[in-house]
Amino acid sequence: SVNALANCVIAIMEVVQQWLESVRLGEYSDMFLKQGYDDPVVIGELNDKDLCELGIKLPGHRKRILIHGKRFDADKFKASQASKTTTAKTTRPISLFNRKADDSLPSLPKKASVSSPSPKDEESISIHHEGTSVFRPMSISSFATASEVIALFIDDVKPIKAEKSSVWALFEVFDVPNVERKLEEGERVLATKARWPKTKNCRFVMREVAPEMLGTADLNKTGKLDKRGGRHKNWKTRFFAINETKLDYFKQKKDDNGLGAFVFVNHLVFNVKYYKKAPRPTMCFCLRPVEEGKPLWASGDDKAVLDDFDNGCKFMCASSLEDRADWVASIVANQQQLLMSGQVYGTADLPVPESFETDDH
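These numbers were taken from a predicted model, which means no experiment stands behind them.

Student: Explain the pattern of salt bridges to me, and be specific about the residues and the numbers.
Tutor: Per the counting criterion, the structure on display carries 20 salt bridges. Arg62 is paired through a salt bridge with Asp48; the nearest N and O atoms lie 2.9 Å apart. Taken together, the residues span a long stretch of sequence, with Arg62 in helix H4 (residues 59–70) and Asp48 in helix H3 (residues 48–54) at a distance of 14 residues. One salt bridge connects Lys182 with Glu184, and the closest N-O pair in it is separated by 3.6 Å. Taking the relative accessible area as the measure of exposure, Lys182 reaches 26% and is therefore partly exposed. What you see here is one network of salt bridges that share partners, running through Glu172, Arg181, Glu187 and Arg195.

Student: Give me the pairing of strand S6 (residues 222–228): which residues, what numbers.
Tutor: Most of S6 is tucked away: 5 of the 7 residues are buried. When S6 meets strand S7 (residues 235–243), the two strands line up antiparallel, connected through 7 bridges. By the bridge assignment for S7, Thr222 is matched with Ala241. Hairpin geometry of S6 and S7 is characterised by an intervening segment of 6 residues between the two adjacent antiparallel strands and by a positive phi of about 60° at Lys233. Pairing between S6 and strand S12 (residues 314–317): 2 bridges, direction antiparallel. The partner of Asp226 across the bridge, within S12, is Cys317.

How each quantity is defined
- Residues numbered from 1 in each chain as written.
- Predicted model: local features only at pLDDT ≥ 70, side-chain atom pairs only at ≥ 80, totals over all residues.
- Heavy atoms only, no water.
- Salt bridge = Lys/Arg side-chain N within 4 Å of Asp/Glu carboxyl O.
- Helix = DSSP H or I, 4+ residues; strand = E, 2+ residues; numbered from the N terminus.
- Buried < 20%, exposed > 50% of the residue type's maximum accessible area, 1.4 Å probe, protein only.
- Pairing = 2+ DSSP bridges.

Treat this as a map of the structure, not an account of what it does.
Right, here's the structure in full:
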């Protein structure tokens, strides 16, 4: 029948969309379908020229599609999808920085309503303008990035800067634990909000930031930081060096006798606003692992959240606020570079490396 044929066509098209979601590039689903790449047979036959003509600008994204496309087996993929519960929500990328602010992205496909569940086309958020303490409601799409939300906010509110050289930045701020993080330009705002626990202690804040507090990124940054041990939670000064996916640390300088490493792939970097036990309580930052489908912090009362924060993060303390900003910017820049090169950790082919400590005593 006509209905049966239509359902069959939709099912075939869904495979392409679901496969793109599985390799964390679901934002290109509409692009594929609109240009006729709606048959899973084509996945393994794509080349770099095809992807360029499709309009996929980022080399890392094209590389990821080609690598996973060569391994694609339609029958095995369909079987794996069928084994998932029908109530499970379509996963969105853990990768936070999967596109630049000026990249063009299609809108959600119209077929989304008949395929796997997708995020809402629009959702209302509230942004706290730190300069005036006003909360501004705003309706944004699921693809809206931090830079786009900032532009909308400025156009609507027309805030006045105290310093001409400063810039507007969007932060996610938590009261419990007492941490905050600046959203990167290409970060999807609703995907960030989706990780929040179901409490009233989370909010978006629009803030005027001095250039020096944005930090200067150095992909090979080295220097001294105080680190907190994981088991005994004592603080020691160590020499740190960024090494691709992690922060290696040493007793005094970089040598062959590494004492440990803090992995930062599939982690978020938060500024800790005040950490009482640290050598300099207002200059700490921490690495928080991100688990797909799970809230960022534990649910429950404040004690449960703080225990999860205290035991689930890696803590470091910088020499100044500017030094902290430089370290955070450098870690984030390395995370972005890994994604741009197609390195997506957390898969069977590329598991997340593990942190380790040998000086925790």
